[in-house]
Amino acid sequence: MDKGRILVRSYLWLRTYAVLAAFAAVLVFVLFWLGCKSARAQSPRAESVEQVGKDERMEWWREARFGMFIHWGLYAVPAGEWKGKRIGGIGEWIMERADIPVAEYEKLAGRFNPVNFNANEWVSIAKNAGMKYIVITSKHHDGFCLWDSKVTNYDIIDASPFKRDILAELSTACKRQGIRLCFYHSIMDWHHPDAQAPFYPNYNDGGRSNPNFKRYAEDYMKPQLKELITNYGPLGVLWFDGEWIRDWTEPQGKDLYNYVRGLQPDIIINNRVGKGRKGMEGLNRDDQEYAGDFGTPEQQIPAKGLPGVDWESCMTMNNTWGYKSYDDNWKSPEDLLRKLADIASKGGNFLLNVGPTAEGLIPGPSAERLAAIGEWMKVNGESIYGTTASPIGKVPWGRCTAKAGKLYLHVFDWPSDGSLQVQGLKSKVEWAYRLADKKRTGLLVSTVLGDSGLAVEITVPKAAPDPINSVIVLEIEGEPAMAGPCRASKDGSFDLRAANAVVHGETARYESGGGKDNIGYWTNPSDYVAWSLEIEKPGTFNVEITFACAAGFGGSEYAVSAADQEVTGKVRETGGWANFVSDKLGSIKISKSGTYLLTVKPKTKPGGAVMNLKSVRLVPAK
Ligand code: FHN
């Protein structure tokens, strides 16, 4: 083949490749463009909504336990008075309570000039109080917006002389100080013509419906939420409210929930996004009957918390959310601090409100209370942050919170006799100390019979270290377990098993497996074992003990005591630590019904260990 023909053929091949390559590039581009287009056309419910698991999303919020609620808006200007009259009810409702027409209320925007507003100062006040997040009213029921919204002029930039974006300044301050910024947002809107504005003078008329409400929800509320999330985020929580209006339904709530999470998949949303306020208990169920991530008891603390559900009590410090100049009904710092412990002891968060003035200041009494809470939190925050509900139920002297391996005893009523009792705790207490001491200065711990059965007794100084809430830490072995009193079986006998005993001491502990089901590792002769008994039928009981002891370890003497009597025994060698035998020890007479403490205490220990104790039986004597 000559050189010329080879060149021509190569050229033709090259040209074919070039055409094919160009065609492929165009195809790839078109496919990519189509892909992007369809992604953009999709609803904002992105795939990632499902990908961020609930526990992962809730982690910071469950750790935080304490946040600041801020109700701020035009209502701070009248501060509870309209045309010279004091208006009853909560301050932020003045538009509705005083029957103020939209056009007249709007004029307040011209007078809202909070020149003393300092975002950094507000965030510092929250932070110094020990709060970890801030929830501010981006828009309350009156419809006025605290940010520069592009879909309305009824906002801080377009309608007020202040012309500073409050939410932007707070967002910057929160980022700087490590506080999570969250927005409250009212679904009900008394200002918007497609929402409740036409209902004047009954803006909150639950029976009325606006035929254009859907337009408000789709074309106004959703774009506003998008602005809030994309321009001021990432946000911690979107905290909806005003969901009780007739035009808002649970399906709309679910749609809004998905919309918001589509914009920020890890955001947390409260139950008021839908109708969940009525069915808080439904929140965590798999079928998600109600939309939302947490329940919102308002101005109350549920008596037993809301087990299985994340929840947050929101509360005012006086009687109003929005500022009212003459509301002086302040809760005391003591009350607030104890409420914080109460809420944590039931597994909830505390969202405590401030209502700043029209000048932009957090009222003095609120700031003072927050400072006092902060002082306590600096010392005792560990007993609140990241804790879970009390695993030992209600305690008579205060509250209890828990973390892995630790119980925090919040003592409101300090025992004047120096004996603090924790009823029924079965877990071994390894260490007890006052949290304020910041070091493990040991407090004496023993097991006694308390008012309703077995109790751990902590010997504490006679004077309360903190008059409001002194925290004692109990470091315990494993998960806290409760020991109820043992009851007799049908034949009247008691079978006191090792697994149900409270072990007191250094080395002895329950062991199981490999033929073992006993208290073992009993090398310290000061250690002892206890059960509490509920005696319904008094009488004389024969005492039997079941134990094992390996060769070379026998000879320990011990006493089984109850009702101020004791029977004694001597451990014999049984041929192995899992070779259990029973010995009869004598009898004990119990003449009155009631709760009794039964203990097994070594008296001597000649060998390396006391015994492996499997059970003690009390059998009614014939
Ligand atoms: O009506 C509001 C009220 O003004 C305030 O914002 C509280 C806070 O939880 N929520 C509403 C009533 O449930």
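In this text the structure is predicted, and so the values were computed from the model without any measurement. Numbering of residues starts from 1 in every chain and runs along the sequence as written. Reporting of local features is limited, given that this is a predicted model, to residues whose pLDDT is at least 70; pairs of side-chain atoms are given and counted only at 80 or more, and all residues count toward the totals for whole chains, interfaces and linings. Excluded from the side-chain calculation are hydrogens and water; included are all heavy atoms of the structure.

Colleague: Please provide a residue-by-residue account of the overall build of the protein chain, values included.
Modeller: In this text, helices come from DSSP runs of H or I with a minimum length of four residues, and strands from runs of E with a minimum of two, each type numbered from the N-terminal end. Counting its regular elements, the protein chain contains eleven helices and 28 strands. Total accessible area on the protein chain stands at roughly 27,400 Å², and carbon and sulfur atoms take up 52% of it. Surface accessibility in these figures is a Shrake-Rupley result with a 1.4 Å probe; residues are shielded only by whichever protein chains are displayed.

Colleague: Could you give an account of the sheet that holds strand β13 (residues 429–434), naming the residues involved and the relevant values?
Modeller: One open sheet holds the four strands; their spatial order is β10-β11-β16-β13, and the pairing between them is antiparallel. Sheet topology places β10 (398–403) and β13 at the edges, where each strand pairs with a single neighbour. Mean inter-strand twist for the sheet, computed between neighbouring axes without regard to direction, equals 20 degrees. Here β13 pairs with strand β16 (residues 470–476) via five bridges, running antiparallel. If you follow Val-429 over to β16, its bridge partner there is Ile-476. Residues count as neighbours in contact if any of their non-hydrogen atoms are within 4.5 Å of one another. Orientation is described by lines fitted to C-alpha atoms, with helices fitted over the stretch in contact, and by angles between N-to-C directions that extend from 0 to 180 degrees. This element, helix α10 (residues 333–345), spans β10 and β11 (406–411) of the sheet and lies at about 50 degrees to β10. Between any two strands, at least two bridges found by DSSP are needed for them to pair.

Colleague: Any chance you could break down the environment of Arg-572 for me, citing the residues and the numbers?
Modeller: Looking at the element boundaries, Arg-572 is found in the loop between β25 (565–570) and β26 (576–590). We call a residue buried when its accessible area falls under 20% of the maximum for its residue type, exposed when it is over 50%, and partly exposed in between, using a 1.4 Å probe and counting protein chains only. Arg-572 sits in the partly exposed class, given a relative accessible area of 38%. Spatially, the C-alpha atoms of Arg-572 and Cys-549 are 6.7 Å apart, while their sequence positions differ by 23 residues. Arg-572 has contacts with Phe-547, Cys-549, Val-581, Ser-582 and Asp-583, leaving out every residue within four places of it along the chain.

Colleague: Explain the pairing of strand β18 (residues 494–497) to me, using residue names and the numbers behind them.
Modeller: Residues of β18 alternate between two faces, with Phe-494 and Leu-496 buried on one and Asp-495 and Arg-497 left unburied on the opposite face. Note that β18 and strand β28 (residues 612–620) share four bridges and pair antiparallel. For Phe-494, the partnering residue across the bridge sits in β28 and is Leu-618.

Colleague: Now, about the site of the ligand: what can you tell me, with residues and values included?
Modeller: For this description, a residue counts as near a given molecule or strand if any of its non-hydrogen atoms is within 4 Å of it. Residues in contact with the ligand amount to 16 residues; listed here are only the nearest, His-71, Glu-92, His-141, Asp-241 and Glu-298. Polar contact is the term for a pair of N or O atoms within 3.5 Å; when the atoms are in protein, one must be able to donate a hydrogen and the other to accept it, and sequence-neighboring residues count only if both atoms are side-chain atoms. Measuring from an oxygen atom of the ligand, one finds a side-chain N or O atom of Glu-92 at 2.5 Å. In this structure, His-140 approaches the ligand through a side-chain N or O atom, which is 2.8 Å from an oxygen atom. Protein coverage of the free-state accessible area of the ligand, which is 330 Å², stands at 95%. Only Asp, Glu, Lys and Arg are considered charged in this grouping, and only Ala, Val, Leu, Ile, Met, Phe, Trp, Tyr, Cys and Pro are considered nonpolar; every other residue, Gly among them, is considered polar. Classifying every residue of the shell around the ligand by side-chain character gives eight nonpolar, three polar and five charged.

Colleague: Break down helix α8 (residues 213–232) for me, citing the residues and quoting the values.
Modeller: Multiply 1.5 Å by the residue count of a helix minus one, and that product is the helix's expected span. The end-to-end C-alpha separation of α8 is 26 Å, in line with the 28 Å expected for 20 residues at 1.5 Å each. Fitting one axis to the seven residues ending at a residue and another to the seven starting there, the bend at that residue is the angle between the two axes. Its maximal kink placed at Met-221, α8 deviates by approximately 30 degrees, while the proline Pro-223 follows within four residues. Regarding α8, the residues found buried are Phe-213, Tyr-216, Ala-217, Tyr-220, Met-221, Lys-222, Gln-224, Leu-225, Glu-227, Leu-228, Ile-229 and Tyr-232. Considering only its buried residues, α8 is in contact with β4 (133–139), α7 (166–177), β5 (180–186), β6 (237–241) and α9 (250–263).

Colleague: Please provide a residue-by-residue account of the sheet that holds strand β7 (residues 268–269), values included.
Modeller: Taken in spatial order, the seven strands line up as β7-β6-β5-β4-β1-β9-β8 in an open sheet, and their pairing is parallel. Looking at the sheet topology across the chains shown, the edges are occupied by β7 and β8 (312–315). In this structure, strand β1 (residues 66–70) lies alongside β4, joined through four bridges in parallel fashion. In the sheet register, Gly-67 faces β4, and the bridge partner there is Tyr-133. The sheet contacts of α7 involve β4 and β5, and relative to β5 the element is tilted by about 150 degrees.

Colleague: Can you break down the pairing of β8 residue by residue, with the values?
Modeller: Alternating residues of β8 divide into Glu-312 and Cys-314 and Ser-313 and Met-315, and every residue in both groups is buried. Orient the strands so they point away from the viewer; a crossover is then right-handed if the path from the first strand over the helix to the second runs clockwise. In terms of handedness, the path from β8 via α10 over to strand β9 (residues 349–354) forms a crossover that is right-handed.

Colleague: For the side chain of Asp-342, give the residues involved together with the corresponding values.
Modeller: Along the chain, the position of Asp-342 falls in helix α10. Reaching out from Asp-342, the side chain makes a polar contact with the side chain of Lys-346 at a distance of 3.0 Å. Not counting residues within four places of it along the chain, the set of residues in contact with Asp-342 comprises Ile-301 and Arg-399.

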